[in-house]
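# Results of the structural survey
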2 protein chains.
Amino acid sequence: MKVGLIRVLTTDNKDILLSHERIIRNKFNLDIETKCIKDQFDGINSKKLFDEAVIKIIELAEEFKDKDIITISCADDPALEELKELYPNKTIIGAGKSTLSLALNYSNKIGVLGITDYLPRAYIPYKDNIVLARPKGVRSTLDLINNKESAIEEAIKLREKGVGVIALACTGFSTIGLVKTLEANAKIPVIDPVIAQGIFAYFETIR
Amino acid sequence: MKVGLIRVLTTDNKDILLSHERIIRNKFNLDIETKCIKDQFDGINSKKLFDEAVIKIIELAEEFKDKDIITISCADDPALEELKELYPNKTIIGAGKSTLSLALNYSNKIGVLGITDYLPRAYIPYKDNIVLARPKGVRSTLDLINNKESAIEEAIKLREKGVGVIALACTGFSTIGLVKTLEANAKIPVIDPVIAQGIFAYFETIR
């Protein structure tokens with residue numbers, strides 16, 4: 001089984017590019033290859049960039065014709081439905097839906113910690129039981145590295161507001177290795193969107 | 001991490017009782033213990049039996065106070081929401097929701113093969129894209145063992161009706177070891193509700 005992982009952040013830094021692949025390989029030992037979309041140096045942090053990314057992901061997926069599994073490493077699940085339609089014989093995974101599915105095992109009251117003031121699409125049907133938060137100073141995935149403290153503060157505030165689990169709505173939290181620190185401070189489960197997509201991919205390999 | 005697995009079929013046959021535990025242990029090597037609810041010798045195949053089971057599961061869960069994870073091995077997710085409310089510090093898994101979440105990675109057009117003429121609750125929000133089927137002669141989980149051929153026929157018919165994945169809506173298909181045979185005949189992915197709950201439990205142990 002071969003996994004293709006799509007990054008929605010354009011980068012020529014190999015270490016950043018392969019950071020999600022590395023997390024998934026360490027946990028699940030999967031045969032995985034990463035590619036990123038073009039000319040999207042801030043990733044996705046607006047509906048306009050989302051729409052642009054959808055087209056690019058569909059193009060990029062053509063380079064993953066040999067893969068059994070394609071996973072879209074973005075919490076907003078761009079092009080998830082489109083790839084499912086285009087590749088009915090592949091397993092298509094989105095980080096957003098995967099994270100949500102897992103979060104629901106912990107609590108119906110979900111704190112969503114992300115980088116936008118709108119909910120990622122997977123979460124919209126659950127919006128009445130969701131508290132959305134964004135760390136101060138963070139407007140794109142690249143801002144996370146310089147705002148770890150405010151991310152921790154927001155995670156603690158989410159628990160104080162009564163949520164039972166935190167779903168991370170940006171894979172950048174995984175990239176910078178902040179997930180376990182957030183959990184240690186929030187003292188409730190924090191679901192890592194990269195590991196979440198990994199376990200759905202792993203399922204296909206062992207089922 | 002300790003897992004408590006709740007069977008909704010009453011049995012004093014150890015081999016049957018432990019059949020789901022065995023599947024999950026073989027796949028994921030989890031520390032798992034099984035208990036079944038009382039006086040429900042046909043399992044759950046009606047809304048009345050569902051309601052009766054909910055009360056029994058809540059009672060039985062008290063014997064799993066030492067577990068980190070409780071999984072309800074029934075495709076209709078009885079008492080899932082109740083246990084989440086009662087045990088906010090445990091991970092609570094239902095076979096139905098787990099199977100659905102995984103099935104959605106394969107296709108939005110889902111064939112649900114079960115033992116009732118009503119949809120298990122997890123599937124109701126998706127009903128417009130679901131084809132529900134029940135093998136001829138099957139009215140309870142115990143009937144499956146004598147109706148394997150008609151289960152295979154129904155799985156083939158589901159694919160012919162255009163679904164992209166089959167979600168098994170009775171864990172009895174796993175008990176009798178029919179899942180891979182169904183998949184080989186249907187030629188589309190068939191999601192095993194016991195392995196599905198297992199992978200959600202596994203996530204909690206490795207995340």
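Within any chain, residue numbers begin from 1 and follow the written order of that chain's sequence. Each chain gets a letter, beginning with A, and each ligand a number, beginning with 1, in the order they are written. For this predicted model, a pLDDT threshold of at least 70 governs which residues receive local features, and a threshold of 80 or more governs which side-chain atom pairs are given and counted, while totals over whole chains, interfaces and linings are taken from all residues. Water and hydrogen atoms were dropped before computing side-chain values, which therefore reflect all heavy atoms in the structure.

## Describing the pairing of strand β3 (residues 69–72) of chain A
For a regular strand, side-chain orientation follows a simple rule: the groups alternate between the two sheet faces. Residues and elements named next belong to chain A. The cut-offs for exposure are 20% and 50% of the maximum accessible area for each residue type, with area from a 1.4 Å probe on protein chains only; residues under the lower value are buried, those over the upper are exposed, and the others partly exposed. Only DSSP runs of H or I reaching four residues or more are called helices, and only runs of E reaching two or more are called strands; each is numbered from the N terminus. Burial of the side chains of β3 extends over both faces: I69 and T71 are buried on one face and I70 and I72 on the other. In the sheet, strand β1 (residues 2–7) pairs with β3 via four bridges, with the strands oriented parallel. The residue bridging L5 from the neighbouring strand is T71, located in β3. Two strands pair when backbone bridges link them, and β3 and strand β4 (residues 91–94) are joined in this way by four bridges, in the parallel orientation. The residue bridging I69 from the neighbouring strand is T91, located in β4. Since β3 and β4 lie parallel, the crossover through helix α4 (residues 80–86) that links them has a hand, and here it is right-handed. Two strands make a pair as long as DSSP finds a minimum of two bridges between them. Handedness of a crossover is defined as follows: orient the strands so they point away from the viewer, and if the path from the first strand over the helix to the second runs clockwise, the crossover is right-handed.

## Some remarks on the confidence of the model for chain A
The share of residues in chain A with pLDDT of 70 or more is 100%, and the mean pLDDT across the chain is 97. For this predicted complex, the interface score ipTM comes out at 0.93, while the overall pTM is 0.95. Confidence of the predictor at the level of single residues is given by pLDDT, which spans 0 to 100.

## Some points on the packing of aromatic side chains
Pairing of aromatic side chains here covers Phe, Tyr and the six-membered ring of Trp, requires ring centres within 6.5 Å, and sorts the geometry by plane angle: under 30 degrees stacked, over 60 edge-to-face, intermediate tilted. This model, assessed by the stated rule, comprises four aromatic pairs over all chains. Three or more aromatic residues link up through ring pairs in this structure, and these residues are A:F28, A:Y202, B:F28 and B:Y202. Here, a charge over a ring means that NZ of Lys or CZ of Arg falls within 6 Å of the ring centre while also lying within 35 degrees of the ring normal. Just above the ring of A:Y118 sits the side chain of A:K47; from NZ or CZ to the centre is 4.7 Å.

## Overview of the relation of the copies chain B and chain A
Comparison of the two chain copies shows a relationship of rotation about an axis with a shift along it. The copies were overlaid by least squares, fitting only the C-alpha atoms of residues that reach a pLDDT of 70 or more in each copy. Aligned on chain A, chain B shows an RMSD of 0.0 Å; the corresponding rotation is 180° and the shift along the axis is 0.0 Å. Here the transformation between the copies is reduced to the relation of a two-fold axis. The rotation axis passes nearest to the C-alpha of B:S101 in chain B, at a distance of 3.2 Å. Interface overlap between copies is the fraction of interface residues in one copy that are interface residues in the other; for chain B against chain A it reaches 97%, indicating a shared surface. Note on contacts: a residue pair is in contact if any heavy atoms of the two residues lie within 4.5 Å.

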